[in-house]
Amino acid sequence: MAGQINTGGIHHLRLTCTDVAKSKEFYTGLLGFDVAADSPPADSPGADEAYPVLWGGCVLVRGALLLGLRPVAPQGDRFDEDRVGLDHLSFNVETRAELDDAVALFEARGVPHGEIKTLAGFGICVLPFRDPDNIQVELTSPMA
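These remarks concern the structure in this document. (Residues numbered from 1 in each chain as written. Predicted model: local features only at pLDDT ≥ 70, side-chain atom pairs only at ≥ 80, totals over all residues. Heavy atoms only, no water.)

## Some words on the overall build of the protein
In step 1: Looking only at helices and strands, one finds three helices and eight strands in the protein.
In step 2: Secondary structure elements in the protein, listed N-terminal to C-terminal, are β-α-β-α-β-β-β-α-β-β-β.
In step 3: Overall size of the protein, expressed as C-alpha extent along the three principal axes, is 55 × 50 × 30 Å.
In step 4: A separation threshold of at least 6 residues defines the contact pool for the protein, and within that pool the share at least 24 residues apart is 58%.
In step 5: Total accessible area on the protein stands at roughly 9,100 Å², and carbon and sulfur atoms take up 54% of it.
In step 6: Once the 11 positive and 21 negative side-chain charges of the protein are each reduced to a mean point, those two points are 2 Å apart. (Helix = DSSP H or I, 4+ residues; strand = E, 2+ residues; numbered from the N terminus. Contact = heavy atoms within 4.5 Å. Areas by Shrake-Rupley, 256 points an atom, 1.4 Å probe, with all protein chains shown as cover. Lys, Arg positive; Asp, Glu negative; His and termini not counted. Charge placed at Lys NZ, Arg CZ, Asp CG, Glu CD.)

Structure below.
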């Protein structure tokens, strides 16, 4: 470890949200995550032990990625990528055609989205959209 830490891939992300039910539906119903752990009801045994880990939220899983949802933001709060912290979150898809399929799915489900953009200098195409708390999420594919 000559002066650097040898990191691997991202183990997990945790997003602060205003409504865990809405966010959970977005990430499971639209992006195919599964629920790995859910907070127990506040009055159940073990709830006090779970709270400092799950914060009343849940952990979702898709492949090797864990995504936590932490519902501690005040109602009406909105994400702003122009503040310090996260700018956006992007998920890989294997082909450009999958971006077209995603547009069709977004249209069918009424999910607002941007246009597919080609970033030739990076060899990718990107489809931006927003989660229920206004966090910009993207799908990224190779150009070809």
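## Quick notes on the sheet that holds strand E1 (residues 12–16)
In step 1: An order of E1-E4-E3-E2 is seen for the four strands of this open sheet, with the pairing classed as mixed. In this open sheet, the two edge strands, each paired with only one partner strand, are E1 and strand E2 (34–38). Strand-to-strand twist in this sheet, taken as the mean axis angle between neighbours without regard to direction, amounts to 25 degrees.
In step 2: The pairing of strand E3 (residues 58–62) with strand E4 (residues 65–70) spans five bridges and is classified as antiparallel. Counted as the bridge partner of arginine 62 is leucine 65 from E4. (Pairing = 2+ DSSP bridges. Axes fitted to C-alpha atoms, helices over the stretch in contact; angles between N-to-C directions.)

## Remarks on the nonpolar core
The nonpolar side chains of soluble globular proteins are, as a tendency, buried together.
In step 1: Tyr27, Leu31, Phe33, Phe91, Phe106 and Leu139 are the most contacted members of the largest nonpolar core, which has 26 residues in total.
In step 2: Among the elements of the structure, helix H1 (20–30), E3, E4, strand E5 (89–92), helix H3 (96–109), strand E7 (124–130) and strand E8 (136–142) are those that each provide at least two residues to this core.
In step 3: If we skip the residues at most four places from it in the chain, phenylalanine 91 touches Leu31, Phe33, Leu65, Val137, Glu138, Leu139 and Thr140. (Core = buried A, V, L, I, M, F, W, Y, C linked by side-chain atoms within 4.5 Å. Buried < 20%, exposed > 50% of the residue type's maximum accessible area, 1.4 Å probe, protein only.)

## Considering the sheet that holds E8
In step 1: Strand order across the open sheet formed by four strands is E5-E8-E7-E6, with mixed pairing between neighbours. Of all strands in the sheet, those bounded by a partner on one side alone are E5 and strand E6 (117–119). Between one strand axis and the next, the sheet turns by 30 degrees as a mean value, whatever way the strands run.
In step 2: Where E6 lies against E7, three bridges are found, and the strand directions are antiparallel. Across the sheet, threonine 118 pairs through a bridge with cysteine 125, a residue of E7.

## Regarding the environment of proline 112
In step 1: Along the chain, the position of proline 112 falls in the loop between H3 and E6.
In step 2: Placed 91 residues apart in sequence, proline 112 and alanine 21 show a C-alpha to C-alpha distance of 19 Å.
In step 3: Not counting chain neighbours up to four residues away, the residues in contact with proline 112 comprise Phe129 and Arg130.

## Details of H3
In step 1: Under the 1.5 Å per step criterion, the end-to-end length of H3 is 20 Å for 14 residues, consistent within 8% with the ideal 20 Å.
In step 2: Taken together, the buried positions of H3 are occupied by Leu99, Ala102 and Phe106. Each buried residue of H3 lies within a common arc of 55 degrees when the element is viewed along its axis, so the set occupies one face. Exposed side chains of H3 directed beyond 90 degrees from the buried face belong to Asp101, Glu107 and Ala108. (Expected span 1.5 Å × (residues − 1). Arc of directions from axis to C-beta.)

This is a description of form; function is not addressed.
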